[in-house]
Structures are given as structure tokens and as C-alpha cells.
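# Summary of structural features
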Amino acid sequence: MKHTILFLFIGLCIASCRKTDYPTFDDSVIDIYFTQDSVSYSFGVTPLSTTEHVIKLPVRIIGAPMKDLARNFKIEVVDKRTNAESPLHYTVPEQLTLDKDSVNTFVPVTLKRSDLGDSEWAVAFRLLPNDYFNPTAQTEKEISCEAIITFNNIVSKPNWTNWSGNFAWAENYMGPWNPIVYVTFMDFFHQLEEKVPATYKALVERYGENLDQKYNHPYMGPQDFGGWDYDFDYTLQKYVLGPMYEYFQAHPELGVTDFPKPNV
């Protein structure tokens, strides 16, 4: 009798499990998520010739890769978090794919510089379900079904100060403050790495790769680049200011008409 009751109980459990209303795990449809929920980028002091930049939003799945199958995944723009327009400010491929034998991929977003002006822009994306993936429901620090890119073309004044704490800009070398001049100056400065590597290394050791760090002068204490370094006056005039002057002469459309001719 006890055995009969036991078998009956097991049978009822099996039947109950088969008819359950709870969702069962389907390993053919697995979670997908962004591993970085926000990215910021500024064209800022990048060379004027840089018209586009690609941001790769990293994506990962929870589950095993498929050895013989590349799988597509889908996204949509989150309108309430987006003010950028496609294709004016950015573009995204129509088809996004997770390669076979992989659990990692990315969404390549190409940012366009030409129409950004002085505004701050944002575009947000949300992962969508399809035949292969479900967006994760988790919202941890590095797991999210949404990601946002903020970007601009704003050129801020560098943190260069003189002895009185005011903004320092070497007008006698570069004319009045002009963001286009500053961007061009940084471009030609970075080219020193190939032209005169020893000088470039010395300046970077003093002020950092973007000339935004203080140099601890042995007699004068902490010093900003201040718009110029007279220890390297000749080299800067020959390899930076000289090419800059020629560049502005060749590109009048930039509107830089008051850049002084260097003494080299």
C-alpha cells in the first residue's frame, strides 16, 4: 500500500511539472547585455582632418558560444535619451552580429564631426529580443540592456595659467586665443614625436602628452606650459609654428588671418 501511494505521488509530481505555468529555461535563447553603459567622447583637440570617430560599445552574452553559427542581435534608439540624429551626427550598421565561437562583440557607432557645432549630443541604444537573445533584466554596474554615448566638438581653453593665476596664451607667438589655432597647435605638437623625438619626449616628460600637467621647475616651483616653453623656443618655432603658419595660409577658409609669421 505504501509503495502504491509513493508511486502515485511521484506520478502526480511528474504530471505537475509537465503542466507548470512557470517558464522553463531554453538554452537556445540566452541573455545579452552591454558591458559599459556610458561612453563620452570629444573631438576637441583632435586634428581638424579628423572628421569621424568610431565608438565600439562592448556587448557580451551569458552562455556558451556556438561553434558553427554566427548570430545576429538587434538594437533600437532610446528616443527620450537621444538628441543626436542619424545619419547627420552618427551612423550604425543595419546588421549586428555575434561571431561564431564567441561570447563578445560590439556595436560600432560612427560619430560625425561636421555638424556638431558647440552643442552636447547624446545617442542611447537598447538591446532588443530576437530568435537568439533576450536583453538581460539585470541592472548591475557593468551589466545593462541600455548604453548611451555623449559626444561634442567643443574646444575648451587649456588649463594654462601664468604667475598671477590668469589664463596664459602666447599671443606674440600664436595671436589672440582661437580654438582653431589651439587644435592646430596640438596637432603639430604631437607630430614632433616623429620629427624631433628627443625634444618631444622632453616636453612630454615636463607637461604630459597634451601639455596639461604642471612642471616642477627647480627654481620657480610648479609651472604650467603657459602657452610656451622658452627652453625649446627654436624647435617649437621651426617645427610647430612654421608649419602652422603655412597651413593657415593654405586654408583661408578656416578664417585664421592674424597668426604671426614665426622668426625661422
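Since we're looking at a predicted model, the values are computed, not measured. (Residues numbered from 1 in each chain as written. Predicted model: local features only at pLDDT ≥ 70, side-chain atom pairs only at ≥ 80, totals over all residues. Heavy atoms only, no water.)

The next thing to look at is the overall build of the protein. The helix and strand inventory of the protein stands at five helices and twelve strands. Across the 264 residues in the protein, those meeting the buried criterion constitute 37%. Expressed as a percentage of contacts within the protein between residues at least 6 apart in sequence, the contacts between residues at least 24 apart total 71%. Of the roughly 16200 Å² of accessible surface on the protein, 51% is carried by carbon and sulfur atoms. (Helix = DSSP H or I, 4+ residues; strand = E, 2+ residues; numbered from the N terminus. Buried < 20%, exposed > 50% of the residue type's maximum accessible area, 1.4 Å probe, protein only. Contact = heavy atoms within 4.5 Å. Areas by Shrake-Rupley, 256 points an atom, 1.4 Å probe, with all protein chains shown as cover.)

Quick look at the side chain of His89 now. On the secondary structure map, His89 appears in the loop between strand 4 (71-77) and strand 5 (90-91). Ignoring anything within four residues of it in the chain, the contact list for His89 reads Ala84, Thr110, Leu111, Lys112, Asp115, Leu116, Trp121 and Phe151.

It is worth spelling out helix 4 (residues 197-207) at this point. When we look at burial in helix 4, the residues that qualify are Thr199, Tyr200, Leu203, Arg206 and Tyr207. All buried residues of helix 4 project into a common sector of 130° when viewed along the axis, lining one side. Among the exposed residues of helix 4, those oriented more than 90 degrees off its buried face are Ala198, Lys201 and Glu205. One or two steps after helix 4, the chain reaches Gly208, where phi turns positive at roughly 90°. (Arc of directions from axis to C-beta.)

Pairing is mixed across the open sheet formed by five strands, whose spatial order is 2-10-8-4-6. Looking at strand neighbours, the two that pair on one side only are strand 2 (38-42) and strand 6 (96-98), the edges of this open sheet. Averaged over neighbouring strand pairs, the angle between their axes works out to 30° when direction is ignored. In this structure, strand 2 lies alongside strand 10 (residues 146-152), joined through five bridges in parallel fashion. Within strand 10, the residue paired with Ser38 across the bridge is Ile148. (Pairing = 2+ DSSP bridges. Axes fitted to C-alpha atoms, helices over the stretch in contact; angles between N-to-C directions.)

This paragraph deals with the sheet that holds strand 3 (residues 52-62). If you walk across this open sheet you meet the five strands as 5-7-3-1-9, and the pairing is mixed. Because the sheet does not close on itself, it has two edges, and the strands there are strand 5 and strand 9 (133-135). Direction of pairing for strand 5 relative to strand 7 (residues 104-112): antiparallel, over a ladder of two bridges. Its bridge partner lying in strand 7, Thr91 is registered against Thr110.

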